[in-house]
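So you can see what is in the structure, the chains are spelled out below.
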Amino acid sequence: MSEQIKIVVVDDVEATRENIKKLIEFEPDIEVIGEAPSASEAIRVAKTLKPDIVVMDINMPGMDGISATEIMATEAPGCAIIIMSVQAEQEYLRRAMIAGAKDYLNKPFSGAELSQAVRQVYTNERKRKRGLTVEGKTEEPGKIITVFSTKGGVGKTTLATNLAVALASRTEAKVGLVDADLQFGDVALFLNLLPRTTIADLVRDIDSLDDKILERYVTEYNEHLRVLAAPVRPEQADTVTPAHIEKVLRSMRDVYKYIIVDTTPSFSEVMLSVLDASDLILIVSAMDLPTIKNVKLCLEIMESLNYPPEKLQLVLNRANTEGGIDVAEVEESLRQRFSVTLPNDGKVVMTSVNRGIPFVSGYPEAPVSQRVLHLAKSIATSDWQGEKERQGVVGKLRRLIG
Ligand SMILES: Nc1ncnc2c1ncn2[C@@H]1O[C@H](COP(=O)(O)OP(=O)(O)O)[C@@H](O)[C@H]1O
Ligand SMILES: [Mg+2]
């Protein structure tokens, strides 16, 4: 028999606590070692009993589950928190996950759902504590890099797909590419893929999401790159909630070292979930006035969201577009320098899209590819293998058969 998972149940309603205890009383590997009727009592109990997992209601009189989650992250760092809520509290749920909750359960849930969540969180936490990935290599959680803009048609998907392919081909790391343009995503099209499953299918399995289930819904691009495609039909976009996205990205961190997210030009709840979860946001601008105005607004909103400046990088696409404005003027009006500028190269970019072969692999020597590779290198730092891999026979083969 494996070791027992110790849990504490927190809910202001006694009957709910009793009910939850009953749901798992016959689970041989889970033991309820304590309970609490309030968030403040929960913190005290967690500090003294040191459970593996605290299953906590989100809405309680006095301090709520979100604040308690935040406090426990520092005061009882060994305990992982699973938040319980009712369906209508999606926005709270998003905040709870940001505060550090590891999973959530929608009330009412079954004993099987509860024990599955408890076991999954426990296994993930043990892996994390040992600093081990699935393969047993020492690794940190993956980095989420989001390509965003407040304008459509500026080159987000172009950059996201090429960046993902660049990272996958020039590092040994596993890379995940998520199409969070849920209504009109075209990442799969850019990569010439025909996904059999999409994020809309994945969310139907969201409550039992783990590494294996995730693997079932992603589409293979090559040995190192997996794509989580956008729903096939725009109306399916509504089935994906901010909390779903939060959970998907969180579990992708355990599997992929770099997760690139393509987005839509809006500050919708889903987009805010993506942006909050991101380690780095690449904001794409162009040289025309409407785009510059919107990017300026975007930077202001990011500031009001309290994102630290190092989380944001400005990317200028189609930099050499004729139009009477120069790069220095744009930087001055945005009061920020561009980290990367990509040239306008209709021939290379359009041919790549039409052939479904990203330019970083189809035309690696083109200036636009070189700039994206440079950006990828600055993200990958010590993982970057540059030309080394590409010169070897393995690298050449990999490029040919991708
Ligand atoms: N650097 C570039 N040079 C030339 N054309 C580009 C460049 N970047 C993007 N494009 C073109 O602009 C169009 C919009 O790009 P896309 O990546 O779909 O934008 P978004 O995802 O922001 O809506 C596409 O047709 C693409 O081929
Ligand atoms: Mg796009």
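Residues numbered from 1 in each chain as written. Chains lettered and ligands numbered in written order. Predicted model: local features only at pLDDT ≥ 70, side-chain atom pairs only at ≥ 80, totals over all residues.

## Some words on the packing of helix α4 (residues 90-99) against helix α10 (residues 242-255)
α10 packs onto α4 with a crossing angle of 25° between their chain directions and a minimal axis gap of 8 Å. With respect to α10, the element α4 is oriented roughly parallel. As α4 packs across α10, the resulting crossing turns out to be left-handed. Contacts between α4 and α10 involve Gln90, Leu93, Arg94 and Met97 on the former and, on the latter, Pro242, Ala243, Glu246, Lys247 and Arg250. Per-class residue counts for the contact of α4 with α10 are 4 nonpolar, 1 polar and 4 charged. (Axes fitted to C-alpha atoms, helices over the stretch in contact; angles between N-to-C directions. Helix = DSSP H or I, 4+ residues; strand = E, 2+ residues; numbered from the N terminus. Parallel < 35°, antiparallel > 145°, perpendicular 65-115°, else oblique. Left-handed = near helix turned anticlockwise from the far one by under 90°. Contact = placed C-beta atoms within 7 Å. Nonpolar A, V, L, I, M, F, W, Y, C, P; charged D, E, K, R; others polar.)

## Details of the site of ligand 1
Taken together, 18 residues surround ligand 1, and among them Gly155, Lys156, Thr157, Thr158 and Val349 come closest. Contributions of two or more residues to the shell around ligand 1 are made by α6 (156-170) and α14 (346-355). With 4 residues, the single largest contributor to the shell around ligand 1 is α14. Here the residues of the shell around ligand 1 sort into 6 nonpolar, 9 polar and 3 charged. (Near = placed C-beta within 6 Å.)

## Points about the sheet that holds strand β5 (residues 103-106)
Taken together, 5 strands build an open sheet; the order of strands is β2-β1-β3-β4-β5 and the sheet is parallel. Strands with a single pairing partner mark the edges of an open sheet, and in this sheet they are β2 (30-36) and β5. Averaged over all neighbouring strand pairs, the angle between strand axes comes to 25°, with direction disregarded. Bridging between strand β3 (residues 53-57) and strand β4 (residues 80-85) involves 5 bridges; their strand directions are parallel. Looking across to β4, one finds that valine 55 is bridged to isoleucine 82. Relative to the sheet, α4 contacts β4 and β5, its axis offset from that of β4 by approximately 175°. (Pairing = 2+ DSSP bridges.)

## Topic: the domain arrangement of the chain
Segmentation of the chain into domains returns domain 1 (5-129) and domain 2 (143-401). Taking only C-alpha atoms, the centre of domain 1 and the centre of domain 2 are 34 Å apart. Contact residues are listed per partner, giving 10 residues for domain 1 and 12 residues for domain 2. In terms of residue count, the dominant contributor to the side of domain 1 that touches domain 2 is α4 (5 residues). Tallied by class, the residues present in the side of domain 1 that touches domain 2 amount to 4 nonpolar, 4 polar and 2 charged. (Domains from an automatic or database assignment.)

## Comments concerning the environment of serine 361
Mapped onto the elements of the fold, serine 361 is located in helix α15 (residues 359-362). For the pair formed by serine 361 and asparagine 162, sequence separation is 199 residues and the distance between their alpha carbons is 8.3 Å.

## Observations concerning the pairing of strand β11 (residues 280-285)
Within β11, 5 of the 6 residues are buried, which leaves it mostly tucked inside the rest of the structure. In this sheet, β11 lies alongside strand β6 (residues 143-148) in parallel orientation, the contact comprising 4 bridges. Among the inter-strand pairings, threonine 146 is bridged to a residue of β11, identified as isoleucine 281. Bridge analysis of β11 against strand β12 (residues 312-316) gives 5 bridges, and the strand direction is parallel. Within the sheet, the bridge partner assigned to isoleucine 283 lies in β12 and is leucine 314. (Buried ≥ 20, exposed ≤ 12 C-beta atoms within 10 Å, placed from the backbone.)

## Notes on the sheet that holds strand β7 (residues 175-179)
Strand order in the open sheet formed by 8 strands is β8-β9-β7-β10-β6-β11-β12-β13, and the pairing between neighbours is mixed. Looking along the sheet, the strands with just one partner apiece sit at the ends: β8 (219-220) and β13 (338-341). Where β12 and β13 come together, 3 bridges link them in parallel fashion. Its bridge partner being in β13, leucine 316 is matched across the sheet by threonine 341. Packed on one face of the sheet, α6 meets β6, β7, β9 (225-228), β10 (258-262), β11 and β12 and runs near 165° to β10.

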